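# Structural description and commentary
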Amino acid sequence: KLSVSPEMDIMEYCRKEWRGNTPAAKRMRKGYEAVAQKFASIRRIRGDNYCAFRATLFQALSQATQLPRWLQSEDFTMLPENLLSKYDWIKQWQLRQKPGKRMGEISDEMKEYLILLRKKWKTISEIKGPLEKQEACNKLFKNEDEEYSLYEALKFLMLNTAIELYNADKSGRRVPVFSWLLFARDTSSNPCQLMQNHLNHIGHSGGLEQVEMFLLAYALQYTIQVYRLYKYSTDEFITLYPNDPEQDWPVVTLITEDDRHYNIPVRMCQETTL
């Protein structure tokens, strides 16, 4: 199974998917037309509740030219040990590949996933030619074991970021607005609940909710720009996670028709000037 399908002309894809004359189909076509002003092609992302991770990571790696600062830090791979020493409840982390195994037993595996994330990011960012870089990304996203190990690492980074934000708020420091929303939910009033009721289920029984897209963006220190096609002609048609991004964060672009499944636009059109 291909995780990321070969590219296809955006408008051709749109005509195939949205033929009817319903208001929804008309809105989708308008949305795709707007995206086609900027991008020539689309690549479909396999839908299995990991599609937000898959689309974001694929885009980040395919345009990476250096290793992000947070991936360079010495204690990056020590995260599982460090967090487990402070928070006993992290032992309830559920690994996709090993359901039933507790975090206490898998912290070495989590460390391996973080090392794999750093290694792949470094290798791909050092490839100079765009075609070779694309090829390396295609190859990585055909290797199911490695791919799911990377998503496990991303989930763990999201948990770490959530803990940092929660502690910052509790000690009276300023935190982004989404952090309040994240912990205002009945199901995630603290990082432990977030892990048990949300992060443990991503990829199994659900994907990322909107507020978790913010958390993913913060964990990666990337701005995730999303064309939300069903919101065409509203202020939310192009949504940024976070909506007040840091100046130096790189930007990745995704497309969604429903905030559940994500595809990726590729091949930026040359800006045409009148």
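Keep in mind that what you see is a predicted model, and the values were worked out from it rather than measured. (Residues numbered from 1 in each chain as written. Predicted model: local features only at pLDDT ≥ 70, side-chain atom pairs only at ≥ 80, totals over all residues. Heavy atoms only, no water.)

## Here's the deal with the overall build of the protein
Defined as follows: Only runs of H or I of at least four residues qualify as helices and only runs of E of at least two qualify as strands under DSSP, and these elements are numbered from the N terminus. Here's how the labels work: a residue is buried when its accessible area is under 20% of the maximum for its type, exposed when over 50%, partly exposed in between, all with a 1.4 Å probe on protein chains only. The contact criterion used is simple: two residues touch if any of their non-hydrogen atoms lie within 4.5 Å. Accessibility throughout is a Shrake-Rupley quantity obtained with a 1.4 Å probe, and a residue counts as covered only by protein chains that appear here. Lys and Arg are tallied as positive, Asp and Glu as negative. Neither His nor the chain termini are counted. To locate a charge, take NZ of a lysine, CZ of an arginine, CG of an aspartate or CD of a glutamate.
Each helix and strand in the protein was counted, giving 11 helices and 6 strands. Along the three orthogonal principal directions, the C-alpha set of the protein runs to about 60 × 40 × 35 Å. Burial status across the protein gives 51% buried among its 274 residues. Counting only contacts in the protein whose residues sit at least 6 apart along the sequence, the fraction spanning at least 24 positions is 72%. Surface summary for the protein: the accessible area is close to 14000 Å², and the carbon and sulfur share equals 49%. Separation between the mean location of the 38 positive side-chain charges and that of the 36 negative ones in the protein comes to 3 Å.

## A look at the nonpolar core
What counts is decided by this rule: Side-chain atoms within 4.5 Å are what join buried Ala, Val, Leu, Ile, Met, Phe, Trp, Tyr and Cys residues into a set we call a nonpolar core.
Grouped together as the largest cluster of nonpolar side chains are 78 residues, with contacts concentrated most on Leu117 and Trp121. What Trp121 contacts, discounting residues up to four positions off in sequence, is Leu57, Ala60, Leu61, Ala64, Gln66, Leu67, Pro68, Trp70, Leu71, Leu220 and Tyr222. In this structure, Ile10, Val35, Tyr227 and Leu229 belong to the second largest nonpolar core, which totals 13 residues.

## Some details on the UniProt feature "site: Linear diubiquitin binding" (unreviewed entry) in the protein
Let me state the cut-off plainly: UniProt positions are given in the numbering used here, feature names are shortened, and annotations may be inferred rather than shown by experiment.
UniProt's entry tags Glu236 with the feature "site: Linear diubiquitin binding" (unreviewed entry), counted in the numbering of this structure. Within the element layout of this structure, Glu236 appears in the loop between strand E3 (223-228) and strand E4 (238-241). Accessibility expressed as a relative area gives 37% for Glu236, which makes it partly exposed. For Glu236, the residues in contact, after removing those within four places along its chain, are Arg228 and Lys231.

## Some points on helix H9 (residues 177-184)
For the record, the criterion: Our arc is simply the arc of the directions from the helix axis toward the C-beta atoms.
All of the buried residues in H9 are Phe178, Ser179, Leu182 and Phe183. For H9, the buried positions fall inside an angular range of 130 degrees around the axis, keeping them on one side. Every exposed residue of H9 that faces more than 90 degrees away from the buried side is listed here: Val177, Leu181 and Ala184. Those residues of H9 that are buried lie in contact with helix H8 (144-170), helix H10 (191-197) and helix H11 (210-220).

## A word on the pairing of E3
Within a regular strand, the side chains alternate between the two sheet faces. The line we're drawing: The pairing criterion for strands is at least two bridges between them, as found by DSSP.
Across the 6 residues of E3, 6 count as buried, placing the element largely inside the fold. Alternating residues of E3 divide into Thr223, Gln225 and Tyr227 and Ile224, Val226 and Arg228, and every residue in both groups is buried. Pairing geometry for E3 and strand E5 (residues 251-256), over 6 bridges, is parallel. When the bridges of E5 are listed, Thr223 appears paired with Val251. Relative to E4, E3 runs antiparallel, the two sharing 4 bridges. Residue Gln225 lies in a different strand from E4, and its bridge partner there is Leu240.

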